[in-house]
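Below are the chains, spelled out letter by letter.
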Amino acid sequence: MKHGEWSRRDFFRRSAVFGAAAIGGPVLLSACTSTSSGDALQAAKSAKKIKIGIANESPYGFTDQSGRVTGEAPEVARAVFKAMGIDTVDAEAVSFDQLIPALNAKKYDVVAAGMNITQKRCGQAAFSLPDYSALTALLVPKGNPQQVLKFEDIKAKKVKVAVLSAAVEKGYATDSGVPEDQITTLDSQDNLLRAVTDGRVYCAALTDISLKDLLKKNPGAAAEVTQGFDPVKDGKPVISAGGFVFRTGDTSLRDAFNAELKKLHDGGEWARIVAPFGFTEANLPKPDVTTEKLCAA
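The rules behind these values
- Residues numbered from 1 in each chain as written.
- Predicted model: local features only at pLDDT ≥ 70, side-chain atom pairs only at ≥ 80, totals over all residues.
- Heavy atoms only, no water.
- Helix = DSSP H or I, 4+ residues; strand = E, 2+ residues; numbered from the N terminus.
- Buried < 20%, exposed > 50% of the residue type's maximum accessible area, 1.4 Å probe, protein only.
- Areas by Shrake-Rupley, 256 points an atom, 1.4 Å probe, with all protein chains shown as cover.
- Salt bridge = Lys/Arg side-chain N within 4 Å of Asp/Glu carboxyl O.
- pLDDT = per-residue confidence, 0-100.
- Contact = heavy atoms within 4.5 Å.
- Polar contact = N/O pair within 3.5 Å; in protein donor to acceptor, adjacent residues only side chain to side chain.
- Pairing = 2+ DSSP bridges.
- Axes fitted to C-alpha atoms, helices over the stretch in contact; angles between N-to-C directions.

Comments concerning the overall build of the chain
Moving on, step 1. Secondary structure summary: the chain contains 12 helices and 17 strands in total.
Moving on, step 2. Relative to its 297 residues, the chain shows a buried fraction of 55%.
Moving on, step 3. Carbon and sulfur atoms form 51% of the exposed surface of the chain, whose accessible area is close to 12,500 Å².

Okay, here's the thing in C-alpha cells:
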C-alpha cells in the first residue's frame, strides 16, 4: 500500500524487471538468484551483506522514484542488520503472492514487506516477532453516502468491495459474511482507487495506514478513508499484525534479528524510523500480541 509510487502490487513493478536494488542506492542489475547455501546468519555476517524480498507496496517496502528501496520494513531491517554487523542490504522485488515461495527458493534470506502474520503463512515460513499492528479501514466515495463503515455494512447494504489479491482483507470480508459475488479482487492499490472513484465498486478494504498513504499521494481523488477497525471472526476481533519472514530452518538468523528488533521497539528508535511512512508508536503491537498467538489464530 504502497508508493508518486502508490501501488501495492505493481505501480513500481518496474523494479522487478531490474531484479535487485541496493537500499540507499539505485536499482542495479543482478545475476544472483540465490543466497547462502549454509547458515544464513554466518554467511551474512561474513559477507556483511544480505538480501531481502519486497513487493513494492507503499508504505511497507517499495522503490521510490529515484530508484532507492525504502519503506517501513526495509528501513527497520536496515537498522536491525546494521546492529548485527551486516552493513549492506540488497532487495529483490517480486509479486506479493510470490514473496514466500521466492524466500523458500533462496532468492533472498528475509521478506521485508510488512506481511501479516497468519496461520496459513506460518505453515510456509517462520515469522519474526510482530513488528507493527494496523487497523483495517475502507476506502469509500467522498461523504460515504451509504455510510459503510465495516464489513458487516458491506453485507447488509449489498455493496461491492474491492480487495487486493493475496492480501488478508478478502478473508476478513468472507469471515464477516460478505458473499463472494460482492467481492472484487484487484492487483494493485492503483486499481483499488480507480475502482472506487469510477463507481465499479462502492469501497475497497486495506489497512488504514495503506489507505491514508494512498490518498496522501492522490490528494485530488474523490474518496476518503473510514475510521480504522478490527475485523470480526466468530464473534471475536481479529488483530492484524505484520512481521519479517524467514525460512523455517534459519532459526539463528531469525533469533538474532528478533533480539535487535526488540531493542528498536523498546528503545524508541523504531518510532523514529517508521514515522516518515505514517506509522506511530500506536502501531507497536501490544505485549500480548505474539507470533505464536497470531500463528494459531
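What to know about the pattern of salt bridges
Two side chains bearing opposite charge may form a pair once their charged atoms approach each other closely.
Moving on, step 1. Summed over the entire model, instances satisfying the criterion amount to 13 salt bridges.
Moving on, step 2. Between Asp 250 and Arg 247 there is a salt bridge, with its nearest N and O atoms 3.1 Å apart.
Moving on, step 3. Asp 250 sits in the buried class, given a relative accessible area of 11%.
Moving on, step 4. Accessibility expressed as a relative area gives 8% for Arg 247, which makes it buried.
Moving on, step 5. Residue Asp 255 is joined to Arg 254 by a salt bridge in which the shortest nitrogen-to-oxygen separation is 3.6 Å.
Moving on, step 6. Bridged by salt links that share partners, the residues Arg 68, Glu 75 and Arg 78 form one connected network.

A look at the confidence of the model for the chain
Moving on, step 1. Taken as a whole, the chain shows an average pLDDT of 89; of its residues, 87% reach a score of 70 or greater.
Moving on, step 2. Counting interchain partners and residues more than four positions distant, the pLDDT-below-50 stretch residues 1–34 has 134 contacts.

Observations regarding the environment of Val 159
Moving on, step 1. Note that Val 159 resides in the loop between helix H6 (151–157) and strand E11 (161–164).
Moving on, step 2. Each C-alpha atom of the pair Val 159 and Val 178 lies 9.5 Å from the other, and the pair is 19 residues apart in sequence.
Moving on, step 3. For Val 159, the contacting residues outside a window of four places in its chain are Gln 146, Val 148, Ile 154, Gln 182 and Tyr 202.

What about the side chain of Asn 258?
Moving on, step 1. Mapped onto the elements, Asn 258 comes out in helix H10 (residues 251–267).
Moving on, step 2. Of note is the side chain of Asn 258, whose polar atom sits 2.9 Å from the backbone nitrogen of Leu 129.
Moving on, step 3. In contact with Asn 258, other than residues within four places in its own chain, are Ser 128 and Leu 129.

Focus on the sheet that holds E11
Moving on, step 1. Spatially, E12-E11-E13-E10-E14 is the arrangement adopted by the five strands of the open sheet, whose pairing is mixed. The sheet terminates laterally at strand E12 (183–186) and strand E14 (223–225), the two strands that pair on one side only. Shown here is a sheet whose adjacent strand axes are inclined to one another by a mean of 30°, direction ignored.
Moving on, step 2. Here E11 runs beside strand E13 (residues 203–207); their pairing, made up of two bridges, is parallel. Within the sheet, the bridge partner assigned to Val 161 lies in E13 and is Cys 203.

Some details on unusual backbone geometry
Moving on, step 1. For the bond running from Ser 58 to Pro 59, omega is 10°, close enough to zero to count as cis.
Moving on, step 2. Inspection of the secondary structure puts Pro 59 in the loop between strand E3 (49–54) and strand E4 (62–63).
Moving on, step 3. Positive phi outside glycine occurs at Lys 48, with the angle close to 55°.
Moving on, step 4. Residue placement: Lys 48 occurs in the loop between helix H2 (40–47) and E3.
Moving on, step 5. Relative accessible area serves as the criterion here: at 43%, Lys 48 is assigned to the partly exposed category.
Moving on, step 6. Of note, the phi angle at Gln 147 is positive, near 50°, even though the residue is not glycine.
Moving on, step 7. As for its placement among the helices and strands, Gln 147 is situated in the loop between strand E10 (136–141) and H6.

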